[in-house]
Amino acid sequence: MTNPEPPPHAQLEHLLCLFAKHWTPGTVKTRLAAAVGDETAAQIYRTFVQHLTGELRPALREGNFLTPILATAPDAAVATVAAAFPDWHVVGQGDGDLGQRLKRVAEPALQPGRTVILIGADCPDLPPETIHQACRALEHHDAVLGPADDGGYYLLGLRGPWQPWMDGLFTDMPWSTQRVAEITRQRITGAGRSCDLLPPRHDVDTLADLRRLLARLRTAQPDPGDQPHAAALARLQKALHDQAPDIKGSGLFSTETQKKSPDTLMSEVVVVGGGVIGLSVAWEAASRGLSVTLLERGRIGGGTSWTAAGILPPANPDTALDPLDRLRGISHRLHPQWADRLRQITGIDNGLRRCGGVYLATSPGEAAALLGQQQYWQSYQIDAVRWSKEGLLQAEPRLAGGRAATQLRTAFLLEDEYQLRSPDHLRALHRACELAGVRVLPHTPVQRFAEQGGAVEVETDRGRVRGQHVVLAGGAWSSAVARASELAFDIVPVRGQVLLYRLPAPPLTHVINEGNRYFVPREDGHLLVGSCEEEVGFNTETTRAALGELRRWAEGLLPELEAQEPVRSWAGLRPSTIDGFPYIGRVPRSQRLFVATGHYRSGMHLSCGTAVAIVDLITGAAPPLDLDAFRIGRG
């Protein structure tokens, strides 16, 4: 049985239920208390509850809202809490696990023609508009879910009446794990019900979470038309400052951290480089609770990483013997997980698609090389299907008019090849870093760094930054900083050039690879054509000769491009090393300096695994692979 067609938003009754414990020291925010003490944690939690009740209650007088419920614990504290919040109907949560307590309040409240919105006090900057958005969603959906960045949820809304399938949302749930929101949504849709998703938000459970909240409050830019919410956020920031004196010495409230200049800033991790490697390391470190500053010489994500085509060839870490292949395999498995997390946290789709890749040869030399590559795929247990000309043209009929129809020697399909849109991936990483509290400083060129006094001092054009650890992830520009900092390694920039076409619809369904040339078809009709390899120093200009070569190759395989003009072209500098292996790991004879650079054509692909390995080293965990082959000074 499905719910009857709901009445319009104005006719539905809405009931908000805020679950908030009494602020007894030692019983609330225990993970935060481990860093700041029981009393201070309790003060902070009380501030959260006071802020939420104070901001949400007036907003609930608009529309068809019932008197909101504040469900508190323990039950013995009901009278005390009711006296503090007279505008709320205060009830006890009762005993049992979180699911039992949520259900005890929600089930009797969920009547026909009514919605119930359940929230906690862990997202203190939750705006009233989010509650109204949830109510609007319930006009057309059976449930609405607001996922939190820790895998739980900050809001669950249901439309009445209560039905048996709802029991599954509160029973046998692995509370306090990273899968609560995912499992909740699966159970809703598995029952044949519709579930709308709100934008992800951030819980505050740890000192790192509190740092991120304060960073968001300092940089918050509320809707100009929502002055009450802007004023409320300012009050929240002031209340945290006034009511948590014991942690002022931690730097959380330092006026120095609010300056635009980075001078004197201190972080647990300083990342030099705002491309895909640097952003990935910064996000991974911040996700593990570390304070992070990221320094970029230009625009965030605006360098070589932006120019990447985003081809992710298949790899298998379980069978890989070569260290680079193992790193590639680890990253290949991480990319779908990261794409999902980035989409949940930021709302940005990075374009990761398992589109498959076709590898073809139209000359004897290319065919011999491809057959050798087949042995590699077989030895590493990477699925590769050999295609005949007929099979290729059946899968990609638009190639029928070109060179593949008349000169094909051999072709293989690798179904596990991915593509992603590099600009969107970088944008998602940048936003995720900001939401995680990373201090992002673009247009801040780094001159050098050195260990001094138990930390690392980084000299920039805008002042000095201090960090307990520094990660050099500057891509092709890493060498200059390394030499100035007396580190012995070199990165060689290798230019690649790319053409971009725009067609009415995608002409191909797979990535097409021939030697080092490729087609990457996007779902919106854009088609990337690349690439070349040129050692020309730091020159990022395109050339008529190289673009002409790419165009002749592309038109030879896909003749319909003869009638098209490219809409754009660009060049980027790949960071190359002498032996083709990137530099990843701790700098010799240092406990505080790390490098993550030299990934050449594979920076986008290797970024996830590199970030995990670097942050493992920083935090004292065991990296997922032996990094000896990537060390500075290897033979």
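Since this is a predicted model, take the numbers as computed values, not measurements.

J.: Tell me about the overall build of the protein chain, residues and numbers included.
T.: The helix and strand inventory of the protein chain stands at 18 helices and 25 strands. Against the compact-globule benchmark of 26 Å for 635 residues, the protein chain has a radius of gyration of 28 Å, which places it among compact chains. By its C-alpha atoms, the protein chain is 85 × 65 × 45 Å across when sized along the principal axes. Burial status across the protein chain gives 56% buried among its 635 residues. Taking all contacts inside the protein chain whose residues are at least 6 apart in sequence as the whole, residues at least 24 apart take part in 71%. When the accessible surface of the protein chain is summed, it comes to about 26600 Å², and 49% of that surface belongs to carbon and sulfur atoms.

J.: I'd love a proper account of the side chain of Arg517, names of residues and values included.
T.: For Arg517, the location among the structural elements is in strand β21 (residues 517–521). Glu549 provides the closest opposite charge to the buried, unpaired Arg517, separated from it by 4.6 Å. Only 3.1 Å separates the side chain of Arg517 from the backbone oxygen of Ser531, close enough to count as a polar contact. Dropping the residues within four chain positions of it, Arg517 is found in contact with Ile512, Gly530, Ser531, Glu549, Leu550 and Trp553.

J.: Kindly report on the environment of Glu139, identifying the contributing residues and their values.
T.: Topologically, Glu139 is positioned in the loop between α5 (128–137) and β5 (143–147). The exposure class of Glu139 is buried, given its relative accessible area of 17%. Separated by 208 residues in sequence, Glu139 and Gly347 have C-alpha atoms that sit 22 Å apart.

J.: Describe in detail the environment of His132, supporting the description with residues and values.
T.: Within the element layout of this structure, His132 appears in helix α5. Considered as a pair, His132 and Ala59 are 73 residues apart in the sequence and their alpha carbons are 9.0 Å apart.

J.: Lay out the sheet that holds strand β23 (residues 568–576) with the relevant residues and their values.
T.: Here eight strands make up an open sheet; going across it, the order is β12-β13-β11-β20-β21-β22-β19-β23 and the pairing mixed. The open sheet terminates on both sides in strands that have one partner only, identified here as β12 (385–387) and β23. Across the sheet, the mean angle separating the axes of adjacent strands is 20° when strand polarity is ignored. With four bridges connecting them, β21 and strand β22 (residues 526–530) associate as antiparallel partners. Across the sheet, Val520 pairs through a bridge with Leu528, a residue of β22. Set on the sheet, helix α12 (residues 364–379) makes contact with β11 (357–361), β12, β13 (410–414) and β20 (511–514); between it and β13 the angle comes to about 35°. Against the sheet, helix α17 (residues 544–557) makes contact with β11, β19 (492–502), β20, β21, β22 and β23, and its axis sits at roughly 50° relative to β19, the strand it touches most.

J.: Account for the pattern of salt bridges, with residues named and values stated.
T.: Overall, the coordinates contain 33 salt bridges when judged by the stated rule. A salt bridge links Arg343 to Asp340; the nearest nitrogen and oxygen atoms lie 2.6 Å apart. Of this pair, Arg343 and Asp340 both sit in helix α11 (residues 323–346), three residues apart, which is roughly one turn of that helix. Residue classification places Asp340 among the partly exposed positions, given a relative accessible area of 37%. When the shortest N-O distance is used, the salt bridge between Asp424 and Arg427 registers 3.4 Å. Of the two residues, Asp424 and Arg427 both sit in helix α15 (residues 422–435), three residues apart, roughly one turn of that helix. What makes Arg427 partly exposed here is its relative accessible area of 47%. The network of salt bridges with shared partners includes Asp340, Arg343, Asp349, Arg353 and Glu523.

J.: Got a sec to walk through α17? Specific residues and values, please.
T.: Residue pairs spaced three or four apart in an α-helix point in one direction, given the helix's 3.6 residues per turn. A rise of 1.5 Å per residue sets the reference length of α17, with its 14 residues, at 20 Å; its end C-alpha atoms lie 20 Å apart and thus fit the reference within 8%. Of all the positions in α17, only Ala546, Leu547, Gly548, Leu550, Trp553, Ala554, Glu555 and Leu557 are classed as buried.

J.: Give me the lowdown on the packing of aromatic side chains, citing residues and values where you can.
T.: Overall, the coordinates contain eleven aromatic pairs when judged by the stated rule. Between Phe519 and Trp553, the ring centres sit 4.8 Å apart and the planes meet at 40°, which makes this aromatic pair tilted. Residue Phe519 is located in strand β21, and its partner Trp553 is located in helix α17; the two are separated by 34 residues in the primary sequence. The exposure classification of Phe519 matches that of Trp553, with both residues buried. Three or more aromatic residues link up through ring pairs in this structure, and these residues are Tyr359, Trp377 and Phe412.

J.: Hey, could you go over unusual backbone geometry for me, with residue numbers and the actual values?
T.: The peptide bond linking Gly160 to Pro161 adopts the cis configuration, its omega dihedral lying at 10°. For Pro161, the position within the fold is in the loop between β6 (153–159) and α6 (180–190). A cis amide bond links Gly530 with the next residue in sequence, Ser531, at an omega value of -5°. Within the secondary structure, Ser531 sits in the loop between β22 and α17. At Tyr600, a residue that is not glycine, the phi angle is positive and equals roughly 55°. Looking at where Tyr600 falls in the secondary structure, it is placed in the loop between β25 (593–597) and α18 (603–619). For Tyr600, a relative accessible area of 25% translates into the label partly exposed.

Parameters and conventions
Residues numbered from 1 in each chain as written. Predicted model: local features only at pLDDT ≥ 70, side-chain atom pairs only at ≥ 80, totals over all residues. Heavy atoms only, no water. Helix = DSSP H or I, 4+ residues; strand = E, 2+ residues; numbered from the N terminus. Rg over C-alpha atoms; globule rule 2.2 N^0.38 Å. Buried < 20%, exposed > 50% of the residue type's maximum accessible area, 1.4 Å probe, protein only. Contact = heavy atoms within 4.5 Å. Areas by Shrake-Rupley, 256 points an atom, 1.4 Å probe, with all protein chains shown as cover. Lys, Arg positive; Asp, Glu negative; His and termini not counted. Salt bridge = Lys/Arg side-chain N within 4 Å of Asp/Glu carboxyl O. Polar contact = N/O pair within 3.5 Å; in protein donor to acceptor, adjacent residues only side chain to side chain. Pairing = 2+ DSSP bridges. Axes fitted to C-alpha atoms, helices over the stretch in contact; angles between N-to-C directions. Expected span 1.5 Å × (residues − 1). Phe/Tyr/Trp six-rings, centres within 6.5 Å; stacked < 30°, edge-to-face > 60°.

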